Amino acid sequence: MKKKISQQDMPVGGLTRVKDFLPAPEHLAVPAEKIKVTLVLKRTSVDFFKKMARQHRTKYQRMLRDLIDRYAQHYAA
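All values reported here derive from a predicted model rather than from experimental measurement.

This brings us to unusual backbone geometry. We note that arginine 57 has phi near 50 degrees; this positive angle belongs to a residue other than glycine. Relative to the helices and strands, arginine 57 resides in the loop between α2 (43-55) and α3 (60-76). A relative accessible area of 78% means that arginine 57 is categorised as exposed.

Structure (structure tokens):
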């Protein structure tokens, strides 16, 4: 038996087409040169990033890397 579509599944109100703002797939995975470094941090800082990473279901090292990258981009100009 086919599932009937209820009126609740239908969009409500007027619909508006939005411009496609997503980047092309080849622009999403831009390879960047990476280098390994050894960094000594305070335990409280690492614990904070580990806690935040668990809450956001990501890796704490990725969060630290993104933070440093954003800082460098901001002050590179």
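Turning our eyes to something else, we now look at a nonpolar patch on the surface. On the surface, a nonpolar cluster with roughly 550 Å² of combined accessible area is contributed by Ile35, Val37, Leu39, Leu41 and Ile68. Mapped onto the secondary structure, leucine 39 falls in the loop between α1 (25-28) and α2.

This prediction gives the chain a mean pLDDT of 85; 84% of its residues lie at or above 70. Model confidence for the chain, summarised as mean pLDDT per element, is weakest for α1 at 75 and strongest for α2 at 96.

This part covers the layout of surface pockets. Of the volumes computed, that of the largest pocket is approximately 830 Å³. In terms of lining residues, the largest pocket is bounded by 20 residues, among which Ile35, Val37, Gln61, Leu64 and Arg65 are the most central. Counting residues per element, the ones that place at least two in the lining of the largest pocket are α1 and α3. In terms of residue count, α3 provides more of the lining of the largest pocket than any other element does, seven residues in total. Across the lining of the largest pocket, the residue classes tally to 13 nonpolar, two polar and five charged.

Conventions we followed
Residues numbered from 1 in each chain as written. Predicted model: local features only at pLDDT ≥ 70, side-chain atom pairs only at ≥ 80, totals over all residues. Heavy atoms only, no water. Helix = DSSP H or I, 4+ residues; strand = E, 2+ residues; numbered from the N terminus. Buried < 20%, exposed > 50% of the residue type's maximum accessible area, 1.4 Å probe, protein only. Patch = residues over 30% accessible without salt bridge, like charges linked within 9 Å, V, L, I, M, F, W, Y side chains within 5 Å. Areas by Shrake-Rupley, 256 points an atom, 1.4 Å probe, with all protein chains shown as cover. Salt bridge = Lys/Arg side-chain N within 4 Å of Asp/Glu carboxyl O. pLDDT = per-residue confidence, 0-100. 1 Å grid on protein atoms, 1.4 Å probe; cavity = no way out; pocket = protein on both sides within 12 Å on 5 of 7 lines; lining within 4 Å. Points joined across faces, edges and corners; volume = space filled by probe spheres on them. Nonpolar A, V, L, I, M, F, W, Y, C, P; charged D, E, K, R; others polar.

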